[in-house]
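Fold and geometry: a report
The residues making up each chain are set out below.
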Amino acid sequence: MSLSKKQISTLLGLIGSTEPDATDCDGCYSHLAEFAELELAGSEVPEAFEAIQRHLEQCPCCKNEFDVLIEGLKALQSEEE
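Figured I'd write up the structure that's included with this text. (Residues numbered from 1 in each chain as written. Predicted model: local features only at pLDDT ≥ 70, side-chain atom pairs only at ≥ 80, totals over all residues. Heavy atoms only, no water.)

1. Observations concerning the nonpolar core
In terms of nonpolar packing, the biggest core is built from 11 residues, these being Cys-28, Leu-32, Phe-35, Ala-36, Phe-49, Ile-52, Leu-56, Cys-59, Cys-62, Phe-66 and Ile-70. Going through the elements one at a time, helix H2 (25-41), helix H3 (50-58) and helix H4 (60-80) are the ones with two or more residues in this core. Take this core: its biggest share by element is four residues, from H2. For Ile-70, the residues in contact, after removing those within four places along its chain, are Ala-36, Glu-39 and Leu-40. (Core = buried A, V, L, I, M, F, W, Y, C linked by side-chain atoms within 4.5 Å. Buried < 20%, exposed > 50% of the residue type's maximum accessible area, 1.4 Å probe, protein only. Helix = DSSP H or I, 4+ residues; strand = E, 2+ residues; numbered from the N terminus. Contact = heavy atoms within 4.5 Å.)

2. Side note on the packing of aromatic side chains
A full pass over the atoms with the stated rule returns two aromatic pairs. Considering the side-chain rings of Phe-35 and Phe-49, the 6.3 Å spacing of their centres and the 45° angle between planes classify their relative orientation as tilted. Placement of Phe-35 in helix H2 and of Phe-49 in the loop between H2 and H3 is noted, with a sequence separation of 14 residues between them. In this structure Phe-35 comes out as buried when scored by relative accessible area, which is 4%. In this structure Phe-49 comes out as buried when scored by relative accessible area, which is 12%. When the centroid spacing of 5.5 Å and the interplanar angle of 55° are considered together, the rings of Phe-35 and Phe-66 count as tilted. One end of the pair, Phe-35, is in helix H2; the other, Phe-66, is in helix H4, with 31 residues separating them in the sequence. Pair check on accessibility: Phe-35 and Phe-66 agree, each one buried. Of the aromatic side chains, those joined through ring pairs into one cluster are Phe-35, Phe-49 and Phe-66. (Phe/Tyr/Trp six-rings, centres within 6.5 Å; stacked < 30°, edge-to-face > 60°.)

Written out as structure tokens, the structure reads:
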């Protein structure tokens, strides 16, 4: 499998934007529900969740899971009202 120049550039950009305290997918998933609740409440992201926020900005798989979770929680809120 060979990568295009664009794919290589994107990959290098993602690698360059990682930080020492960056979380992985497992770490992200373990806090996803708490992060979603903060998002729905419109709360500011506490420092403890900044790594989760950065991970979601860089990981399409986790971002997709987060978006689905948000949609589900919003649907539950609508049913309760």
